[in-house]
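Structural overview for review
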Amino acid sequence: MEPSRLRDKPLYNSRIINSFILLIKHKYSHVDINELLDYAGMKDYEVADQAHWFRQEQVDRFYERLLQMTGNPRIAREAGRYAASPDVLGAMRQYILGLVDASSTFDIISKATANFTKSTTYRSRPLASNMVEITVTPVEPGLEKQYQCENRIGFFEAIVLMFNHKITDLQYFPEIRRLPTIQQPECVFRGDPVCRYIVTWEKSAFTYLKKARNRMILVLAAGNLALLAATQGAHAATALLTSLCLVLLVSLAAEMSEKRAVKEGLSSTNQSIENLLEQIDLNYNNAMLTHEIGQRLGNFTRLEEMLMDVADIMQRRLEYDRGAIFLLNEKEGRLQLRASYGYGAGELACLNGLELPLDHHAEGKDVYIACLTEQRPFLINDLEREQETLGQRTLACALKNGTRAFICCPIVSDGVSLGVLAAENVKTKRPLVERDVSLLMGTASIIGISYRNCELIGALEQAKEELEQRVAERTADLEQSRRKIELQHDELTRTLFELEDETAQRLRALEELGEKERMLLQQSRLAALGEMISNIAHQWRQPLNELGLIVQELPIMFDRGEFTRAYLGESVARFMKVLSHTSRTIDDFRNFFKPDKEAVPFRVAEVVGKTLSLVQESFRHLQIAVELKTCGDPRITGHPNEFSQAILNILFNARDAFLDRKIDKRQITVTVVEEQGRSVVTVRDNAGGIPEAILDKIFDPYFTTRGPDRGTGIGLYMSKVIIEKNIPGRLSARNVEEGAEFRIEVPGS
C-alpha cells in the first residue's frame, strides 16, 4: 500500500473538530477560532455540518496551529476528555449514563467509531468487571500522529469518570484526581502494529458488598461448624441466628446499592428520553416553521403582507417571547422597523425611537448596524457584559423592555444586506445557543429570498403594464409600417431585377478580366520569348564554337598521322558531351514555356538556379555578374514555371536599368532563405534604384519608363499577379544602398 493513498481522502468527521472548538470556547476564549480554521483550510459551516469529513492534512494543521495559540502540550488529551462533556455529547451522554457500567459503553463506542473516523478500527474486549481492553488498528501505517493517540486516551478517561462521579456537568479542569488507570502495552508510535489500551477503574460499591457477602457466608459457616463441635450444640442456635442476620444485612446492603445504581441509570435514561422528546418537539417546530414560511411566502407579492405573515408564523412556531424585522431604507440611509410580534405599545415606541442610521460613527456602535454591515449574527445572553457590542441606545431600550437574551441575524440575498431579523427572550430563562442562531439564520435567508421575490414580482407587474402600453403603441406603428412595407415591396422587386441584371454584367466583366489576365500572361510569355531567343543564341554560341574546333581538328590530326582509334573515341566523347549540354539547354527553354497544369511542391533554390542558368550567358555577355546565395532548403507549393517567369521578369527589369543608365560595374545578388516558416527570395541590384515618385506604380499594368517602342510595361505586373494570386504570396520592392531590392515571400508548404 502506498503511504500517501489515504492522506488526501476525508478521514475524520467534523464532530471531532467540533469538540476542540467547544473546548476552546469554554476555556481558551482568547484563541481566534476564525484564524485557526483558516490556517487549517476549514470553514465554520463545514465544522457545523455533522456529515462533513476532513483530511489528515487539515487535522494536522489544525492541531499544529492550536498548539501554538494555546501553548498547552496536553491540549489533545484535554480535548479528548471534553469530548464526553454535556456540551459535546448532549442527550447522548444521558443515554450512556443509563447503561449498566462503563464496559458496556466502551463496547458501544467501539462499534460507533466508524461514524467518526476512517483511519482506524476499534475493538473492545472486557477483561473484568472494572477492566476493558481496547485495540485500535490503523488502516494505513504512518497516517495518524501521536496527538491523536493522546486524544483517545483523554476520551477513555472521560467515559470512566462519568460513571464514577455520576454528575451532569463534570469539571475537567484542572487535572482530576483519582483518574482511571490506562495502560498502553502496545503503541504504533513505539513500533507496534496496533495501539492497545487497558482501562481499569474503581469497582462499584455493590460489587464490594457482594464479594463481602460471599466471603462472610464461608467464614460464618466454618465458624458455626467449629462452635457446634466445641460446645456440643449449647450455643450453636444463637450463633447460627446471628450469622444469618449478618449475611442478610450485608445482602440487603448489596441489593440496595445495586438497585440504587439501576435507579440512577433509569433516572438518566428517563432524563435522556425527556431531553430527546424536547429536542424532537423543538425540531418539529423548526421544521414546520421552515416549511410554512417557504410554502406561504412564495404566494405573496406585496412586501408588507409578507412581513406580517412571517411575524405571525414566528410567534406560533418559535419559543422566543418577541421578534422583530428591520429592513434597510436606502433613501433615508437607516434601518426601519417593519414587522414585529410580542411587543407592547410602549416597547414598540422604544424600538421605533432607536433611529438606526447606517453612518453609525456619529451615534456610536450599534449591534443592529454591525449585524447588517458585517453580515454576521450576534448572540447575547448577558446584556451587561455585552454593553459595548449592543450600543448605548439599543442597550437602554433592551433594559427598558426587560430583555434577558437577544439574537439578531442579517437578512441577505445574493450577497446584499437587506435588513436584520431579531428575537428576544423576556420570561424564558433558557439561554440562547448556536442552534437558535442557525434556525434564525435559515429563517432570515428565506425572508431575504421572499423580499427579492416581492421586488421582482412588483417590478414584473410594472413591466407588464409598461409592456402592454408599448405593445399597443407598437401595434399602431406596425400597422403604419406594414403599409410602408407594401409600397417598398414593389420597389424592392424592381430593384431585385436590376441587381440580377447588374450581377450578370459584373460576372461577365469578371470573366473578361480573367481572360485579359490570361492574355496578359501569354503576352508576357511572348515578350519573354524574344528575350529567350537572344539567350538561346548566347547559350549556343560557345558550344557551337567548341564543336567547330573539334571538327576542324580531325583532318589536321589525320594529316599528321596521329588520327588513331583512341583519338577518334576521345573526340567523339567530347563532341557528344557538348551536344548533350546543348540538348539540355533546349529542354530547359522548352520547359520554361510549357504551361503548368496544376500546383506542385517544389524546391525554391532549385527553380531559382534553373532560371539563372537560362540567362547566365546573355548576362555574362552584357558584363552583369549574378551571385546566388542560399540558406536552408525552403519549399513551396505552386506553379514552378510561373514562379520562374516572375524571377526572370525581375532580372530583366534589373538588366534594362543597367543598360539605360550605363552602369559600369553591374552586380545582381539573388538570395534564397527561410524565415519563420516562410520562403523568401530577394533580388538586389546596384543600378541606382527606383525613383520614389514612381515606386508605388511599378506594378501597375502597362506602366513603363522606357517608352512604348522599348517596353510593354506588363513584366512586373505579371510577376505581381503570379506571386500574390496564383501561389499566393507577397511581392514588394524598395530602394536600398546603390540600387533596388525586390522581395518575394511565400508561406512554406
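Cut-offs used in this document
- Residues numbered from 1 in each chain as written.
- Predicted model: local features only at pLDDT ≥ 70, side-chain atom pairs only at ≥ 80, totals over all residues.
- Heavy atoms only, no water.
- Pairing = 2+ DSSP bridges.
- Helix = DSSP H or I, 4+ residues; strand = E, 2+ residues; numbered from the N terminus.
- Axes fitted to C-alpha atoms, helices over the stretch in contact; angles between N-to-C directions.
- Contact = heavy atoms within 4.5 Å.
- Disulfide = S-S within 2.5 Å.
- Buried < 20%, exposed > 50% of the residue type's maximum accessible area, 1.4 Å probe, protein only.
- pLDDT = per-residue confidence, 0-100.
- 1 Å grid on protein atoms, 1.4 Å probe; cavity = no way out; pocket = protein on both sides within 12 Å on 5 of 7 lines; lining within 4 Å.
- Points joined across faces, edges and corners; volume = space filled by probe spheres on them.
- Nonpolar A, V, L, I, M, F, W, Y, C, P; charged D, E, K, R; others polar.
- Salt bridge = Lys/Arg side-chain N within 4 Å of Asp/Glu carboxyl O.

Right, let's get into the sheet that holds strand β19 (residues 739-747). Here 5 strands make up an open sheet; going across it, the order is β14-β16-β17-β19-β18 and the pairing mixed. Here the strands that pair on one side only, and so sit at the sheet edges, are β14 (624-630) and β18 (730-736). On average, each strand axis in the sheet is inclined to that of its neighbour by 15°, with strand direction left out of account. Here strand β16 (residues 666-675) pairs with strand β17 (residues 678-685) via 8 bridges, running antiparallel. Bridge pairing in β17 places isoleucine 668 opposite aspartate 685. Contacts from helix α19 (residues 604-621) reach β14, β16 and β17, with the element oriented near 170° to β14. Sitting on the sheet, helix α20 (residues 640-661) is in contact with β14, β16, β17, β18 and β19, with an inclination near 150° to β16.

Turning to the state of the cysteines, a few remarks are in order. Scanning the model with the defined rule gives 1 disulfide in all. The disulfide bridge from cysteine 350 ends at cysteine 397, spanning 2.3 Å between sulfur atoms. Of the two residues, cysteine 350 is situated in helix α13 (residues 345-352) and cysteine 397 in helix α16 (residues 392-400); the sequence distance between them amounts to 47 residues. Note on cysteine 408: no disulfide assigned, nearest cysteine sulfur contributed by cysteine 371 at a separation of 3.9 Å. What makes cysteine 408 buried here is its relative accessible area of 0%. No disulfide involves cysteine 409; its sulfur sits 6.3 Å from the nearest other cysteine sulfur, which is in cysteine 371.

So, on to the pairing of β17. With 6 of 8 residues buried, β17 lies mostly within the body of the structure. Hairpin geometry of β16 and β17 is characterised by an intervening segment of 2 residues between the two adjacent antiparallel strands and by a positive phi of about 50° at glutamine 676. With 7 bridges joining them, β17 and β19 adopt antiparallel strand pairing. Counterpart to arginine 678 in the pairing with β19 is proline 747.

Spatial ordering of the open sheet is given by β3-β4-β6-β5, a layout of 4 strands whose pairing is antiparallel. Edge strands, defined here as strands with exactly one partner in the open sheet, are β3 (120-128) and β5 (181-186). Each strand of the sheet is rotated relative to its neighbour by a mean of 20°, with strand direction disregarded. Bridging between β3 and strand β4 (residues 131-138) involves 8 bridges; their strand directions are antiparallel. By the bridge assignment for β4, threonine 121 is matched with threonine 137.

With that settled, consider the confidence of the model for the protein chain. A residue-level look at the protein chain finds 75% of positions with pLDDT of 70 or above and a mean pLDDT of 77. Highest mean pLDDT in the protein chain belongs to β17 (94); lowest belongs to helix α7 (residues 91-97) (44). Note on residues 90-100: pLDDT is under 50 here. Beyond four places in sequence and across chains, it has 35 contacts. Counting contacts from residues 165-175, a segment whose pLDDT is below 50, to residues more than four positions away or on other chains yields 26 contacts.

As a further point, take empty space enclosed by the protein. Under the definition given, this model contains 1 cavity of 30 Å³ or more. Estimated volume of the largest cavity: approximately 70 Å³. Around the largest cavity, the lining residues are Leu351, Leu354, Tyr368, Leu383, Leu390, Thr394, Cys397, Ala398, Asn401, Thr403, Phe406 and Glu424. With 3 residues, the top contributor of residues to the lining of the largest cavity is α16. A per-class count over the lining of the largest cavity returns 8 nonpolar, 3 polar and 1 charged.

This brings us to unusual backbone geometry. The backbone phi angle of lysine 662 is positive, close to 55°, even though this residue is not glycine. If you check the backbone angles, glutamine 676 has positive phi at about 50° while not being a glycine. Structurally, the position occupied by glutamine 676 is in the loop between β16 and β17.

A few words on the pattern of salt bridges. Tallied over the entire structure, the rule returns 26 salt bridges. Notably, a salt bridge pairs arginine 125 with glutamate 133, separated by 3.0 Å at the nearest N-O pair. Given a relative accessible area of 6%, glutamate 133 falls into the buried group. The partner of arginine 506 in a salt bridge is glutamate 502, and the shortest N-O contact between them spans 2.7 Å. With arginine 506 and glutamate 502 both in helix α17 (residues 434-559) and 4 residues apart, this pair spans about one turn of that helix. Here the salt bridges share partners, and the residues they tie into one network are Glu675, Arg678, Arg730, Arg743 and Glu745.

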